[in-house]
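Coordinates in review
Here's the letter readout for the chains.
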Amino acid sequence: MSRTQLVVLGSGTPNAEAGRAGSGLAIVVDDRPYLVDCGHGVVQRVVEARAAGIINWSTVDLTRLFLTHLHADHSVGLPDLLFTPWIHGREEKVAAFGPRGLKDMVEHIQAAYRVNTREHLKAHPASPGGFMAEVTAVQAGLIYQDDRLRVYALKADHGDLEAFSYKFVAPDKTIVVSGDTKPVSGFSDWARACDILAHEVYSSARFAGRPPAWRAYHSRAHTSTAELANLAKEIRPGLLVLYHQLFWGTTAADLLGEIGASYDGAAVSANDLDVF
């Protein structure tokens, strides 16, 4: 029987915070990780999680990446993902799925670190493919499958940037990851009755105190607690996991209180290294 988990490697936002790495989740099926986004510090979180006995896998198992979009807080850890596990002994190329532009990003990273790559190849017998990535541009629908799970993509709405949500369907569990997005028509039907819904969120209560330009941006590109509560009422996930939380000075308990004002399902506000 398969065992599927959601491991929170980074729950953060573009605002660097103590205790929160950049955005990064791992869907783990039978100790095989499928990484969703790669913000700052995510690879280090894998090292820490293994040292703490939270996970049984390691950085060399990071061979599948699904990027929701190309904003820096979701992708700035990509050089780390390519090179550090390679030094640790990874031999496989990373199978990377994401929006148009990801291939260019990977090629520019490889060019930027060409001297690093050349010197390491001289110094030790590392695999010549372990620092590389095979990139697939994502479209809506089934985008990946293997003997453990299927992955589906749905177009998200994150302002002018192409973005996707992902649904991971394993034999024992279905996990949906929103990525950064405002509520999208069809998302509720697509995600309905999933076991875990990991969704970004910002505080409705603190929204009014934000500067006008930021209010315009966040209402256009992100999801408020009030909007997420309405989505959750339609989807009825087994567990709602808040991540990429824009607290704006409020607390996790208050954020959950905003959700709970109109949603009675199980919900948690994630921290780094939480496992669900």
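Now for a description of the structure that goes with this document. Given the structure is predicted, the values throughout are model-derived calculations rather than measurements.

A general feature of soluble globular proteins is that nonpolar side chains tend to end up buried together. Counting residues in hydrophobic clusters, the biggest one holds 28 residues, and the most contacted among them are Leu 65, Leu 78 and Leu 81. Secondary structure elements with two or more residues in this core: strand 1 (4-10), strand 2 (24-29), helix 1 (42-51), helix 3 (78-88), strand 5 (94-98) and helix 4 (102-112). Per element, the largest residue contribution to this core is five residues, and it comes from helix 3. Not counting residues up to four positions away in its chain, the partners in contact with Leu 78 are Cys 38, Leu 65, Leu 102, Met 105, Val 106 and Ile 109. Grouped together as the second largest cluster of nonpolar side chains are 27 residues, Leu 149, Phe 164, Tyr 166 and Tyr 243 included.

With respect to the element layout, Arg 90 can be found in the loop between helix 3 and strand 5. Buried within the structure, Arg 90 lacks any salt-bridge partner; Glu 92 is the closest side chain of opposite charge, at an N-O distance of 8.0 Å. Looking at Arg 90, its side chain comes within polar contact range of the main-chain oxygen of Leu 62, at 2.8 Å.

On to the packing of helix 3 against helix 5 (residues 114-123), then. Running from N to C, helix 3 and helix 5 point in directions that differ by 5°, and their axes come no closer than 12 Å. With respect to helix 5, the axis of helix 3 lies roughly parallel. For the pair helix 3 and helix 5, contact is made by Phe 83, Trp 86 and Ile 87 and by Asn 116, Thr 117, His 120 and Leu 121, respectively. Here the residues of the contact of helix 3 with helix 5 are counted per class, giving four nonpolar, three polar and no charged.

The rules behind the values
Residues numbered from 1 in each chain as written. Predicted model: local features only at pLDDT ≥ 70, side-chain atom pairs only at ≥ 80, totals over all residues. Heavy atoms only, no water. Core = buried A, V, L, I, M, F, W, Y, C linked by side-chain atoms within 4.5 Å. Buried < 20%, exposed > 50% of the residue type's maximum accessible area, 1.4 Å probe, protein only. Helix = DSSP H or I, 4+ residues; strand = E, 2+ residues; numbered from the N terminus. Contact = heavy atoms within 4.5 Å. Lys, Arg positive; Asp, Glu negative; His and termini not counted. Salt bridge = Lys/Arg side-chain N within 4 Å of Asp/Glu carboxyl O. Polar contact = N/O pair within 3.5 Å; in protein donor to acceptor, adjacent residues only side chain to side chain. Axes fitted to C-alpha atoms, helices over the stretch in contact; angles between N-to-C directions. Parallel < 35°, antiparallel > 145°, perpendicular 65-115°, else oblique. Nonpolar A, V, L, I, M, F, W, Y, C, P; charged D, E, K, R; others polar.

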